[in-house]
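Results of the structural survey
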Amino acid sequence: MNSFSLYIHIPFCEKKCYYCDFTSFAKNSDMLEKYMLNLNKEIKLYKEQLSDYSLRTIFIGGGTPSCIEHSYIETLLENVFKTFHMDNLAEITLEANPGTLDNKKISSYKKIGINRISLGVQSLKDNLLNSIGRIHTSQDFKESFYMLREEGFDNINVDLMFGLPHQKLIDLKSTLEEVVSLDVEHISLYSLILEEETQIFKWYKNGLLELPDEDLDRTMYHSSIKFLRENGYEHYEISNFSKPGYECKHNLAYWKIKPYLGVGLNSHSNLFGKRFWNHSTFTEYNCLLEKKHFPVEGEEKIDRDMEIAEFCIMGLRLIKGIDKLEYRNRFGEDIKNRYDNVIKKHVHNGLIIDDYNYVKLTNKGLDLSNIVEVDFMP
Ligand SMILES: C[S@@+](CC[C@H](N)C(=O)[O-])C[C@H]1O[C@@H](n2cnc3c(N)ncnc32)[C@H](O)[C@@H]1O
Ligand code: SF4
């Protein structure tokens, strides 16, 4: 039986952070009730199409899934368990924001089978948290973390950011030291992306805030890699680090271009040889589901050339690199047939290493991955 991964989008937050352009909105109880009803309808609509597939991983993301009542999450997962084959289920992650957790929620998550929590922390410097619009303090994070541990959660991710306004190298270093001292299993470390529609972008454009320059940004990245490696974390993807055996199985499915279904507002899927995506407005999403129609806005076929290119581009995000044997088994040819010149070019300019089993980015390549990726496009 084929496996698939399921992403479930909860587009609600307590309040919008100043840097974030994910599909998420400040919570409103009327909208929430209707949305959750329709989300459950959408899941049921896929029952037949996925009757030959078995569910491997679930990621409940957002938004902030932990900011809604836990009964919604229970109903949602019960519906998922009733709808799909479950004999292969290995990981259920829920994204949570430290300001939104309490003992009741945490114990309900555990009971329903959630076995991985991803905490959005960003920094443990309260002045920085405040300046990027976070609703919590570093103390809130520690309290949430200990509550999760007490309830038995033994697979916790912490999202951190660098390149934040006025952030210094020492701020990042002390945040990493604290997080590592808690022995978290997984760390995602993202460089701030200045997204056009955000408050931070507007302030920056109007000269109202300073951001670390490119050199400092790269120093932050490479010194974090060194520090985390020295402390027992494997750097396994451009922005991700884990203790051995704690890589995120759900995200690995994306990076390995395995089948996934995304449900909820603006979710994307890669299934049945095509890519398709949902509407991004509540009105259209709800309206279609009320008529029991799929809330899909568009789709495109993925031809062989595109599938190969995506496999390579996502493979390069992994620190191990593109697995040559996996490439051969999947596409029935050697990677050199198609990419010999590209590989030689970037080996020559020091951006990739071509070893016996893998094609992977060098340290310099990690900073210039987009230059390499372009050359793998069809
Ligand atoms: C969809 S958010 C969900 C997490 C949860 N809502 C929270 O913030 O606590 C996932 C992560 O994306 C990262 N992120 C969001 N906007 C970003 C941006 N503009 N640049 C870099 N990383 C960003 C943050 O680290 C965030 O925790
Ligand atoms: S970073 Fe998380 S909490 Fe903040 S607005 Fe984005 S999704 Fe919501």
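Only a predicted model underlies this, so the values are computations on that prediction, with no experimental measurement involved.

Re the nonpolar core
- Ranked by size, the top nonpolar core spans 58 residues in total, and within it L6, I8, I58, L119, V158 and I187 carry the most contacts.
- The residues touching I58, leaving out its near neighbours within four places in the chain, are L6, I8, V80 and I92.
- Counting 16 residues, the second largest nonpolar core, distinct from the first, contains I322, Y327, L351 and F376.

Here we look at the site of ligand 2
- All residues adjacent to ligand 2 are C13, K16, C17, C20, F22, S24, G62, G63, T64, N97 and G120.
- Its residues assigned to classes, the shell around ligand 2 comprises four nonpolar, six polar and one charged.

Concerning the domain arrangement of the protein chain
- When cut into domains, the protein chain gives domain 1 (2-254) and domain 2 (304-376).
- One C-alpha centre belongs to domain 1, the other to domain 2, and the line joining them spans 29 Å.
- At the interface, five residues of domain 1 touch six residues of domain 2.
- At three residues, the largest contribution of residues to the side of domain 1 that touches domain 2 is made by strand β9 (residues 234-237).
- Of the residues contributing to the side of domain 1 that touches domain 2, the split by class is two nonpolar, one polar and two charged.

What about the site of ligand 1?
- Residues in contact with ligand 1 amount to 17 residues; listed here are only the nearest, N97, G120, D159, Y190 and I193.
- Elements with a contribution of two residues or more to the shell around ligand 1: β4 (53-62), β6 (116-122) and β7 (156-162).
- For the shell around ligand 1, the per-class residue count stands at seven nonpolar, seven polar and three charged.

What about the packing of helix α2 (residues 70-83) against helix α3 (residues 103-112)?
- At a minimum axis separation of 9 Å, α2 and α3 run at an interaxial angle of 10°. By the angle between their axes, α2 is roughly parallel relative to α3. For the pair formed by α2 and α3, the contact residues are H70, I73, E74 and L77 on the first element and K104, K105, S108, Y109 and I112 on the second.
- Considered class by class, the residues forming the contact of α2 with α3 number four nonpolar, two polar and three charged.

Regarding α2
- Between the first and last C-alpha of α2 there are 20 Å, a value that for 14 residues agrees with the 20 Å anticipated at 1.5 Å per step.
- Buried within α2 we find H70, I73, L76 and V80. Angular distribution of buried residues about the axis of α2 spans 120°; they occupy a single face of the element. Relative to its buried face, α2 has exposed residues pointing more than 90 degrees away, namely S71 and K82.
- Buried positions along α2 lie against β1 (2-10), α1 (29-45), β4, β5 (91-96) and α3.

Here's the deal with the packing of helix α6 (residues 169-181) against helix α8 (residues 214-230)
- Closest axis-to-axis distance for the α6/α8 pair is 10 Å, and the angle between their directions is 25°. Accordingly, the angle class assigned to the pair α6 and α8 is roughly parallel. α8 is crossed by α6, and the crossing has right-handed handedness. For the pair α6 and α8, the contacting residues are L169, L172 and L176 in the first and L216, T219, M220, S223, S224, F227 and L228 in the second.
- Taken together, the residues of the contact of α6 with α8 break down into seven nonpolar, three polar and no charged.

With respect to unusual backbone geometry
- In this structure, G63 follows G62 across a cis peptide bond, with omega equal to 15°.
- Within the element layout of this structure, G63 appears in the loop between β4 and α2.
- The residue N266 is not glycine, and still its phi comes out positive at about 60°.
- Along the chain, N266 falls in the loop between β11 (260-263) and β12 (268-271).
- Taking the C-beta count within 10 Å as the criterion, N266 has 18 such neighbours and is therefore assigned partly exposed.
- Backbone geometry at K292 places phi at a positive 60°, although glycine is not the residue there.
- With respect to the element layout, K292 can be found in the loop between α10 (282-290) and β14 (296-301).

Rules behind the numbers
Residues numbered from 1 in each chain as written. Chains lettered and ligands numbered in written order. Predicted model: local features only at pLDDT ≥ 70, side-chain atom pairs only at ≥ 80, totals over all residues. Core = buried A, V, L, I, M, F, W, Y, C linked by C-beta atoms within 7 Å. Buried ≥ 20, exposed ≤ 12 C-beta atoms within 10 Å, placed from the backbone. Contact = placed C-beta atoms within 7 Å. Near = placed C-beta within 6 Å. Nonpolar A, V, L, I, M, F, W, Y, C, P; charged D, E, K, R; others polar. Domains from an automatic or database assignment. Helix = DSSP H or I, 4+ residues; strand = E, 2+ residues; numbered from the N terminus. Axes fitted to C-alpha atoms, helices over the stretch in contact; angles between N-to-C directions. Parallel < 35°, antiparallel > 145°, perpendicular 65-115°, else oblique. Expected span 1.5 Å × (residues − 1). Arc of directions from axis to C-beta. Left-handed = near helix turned anticlockwise from the far one by under 90°.

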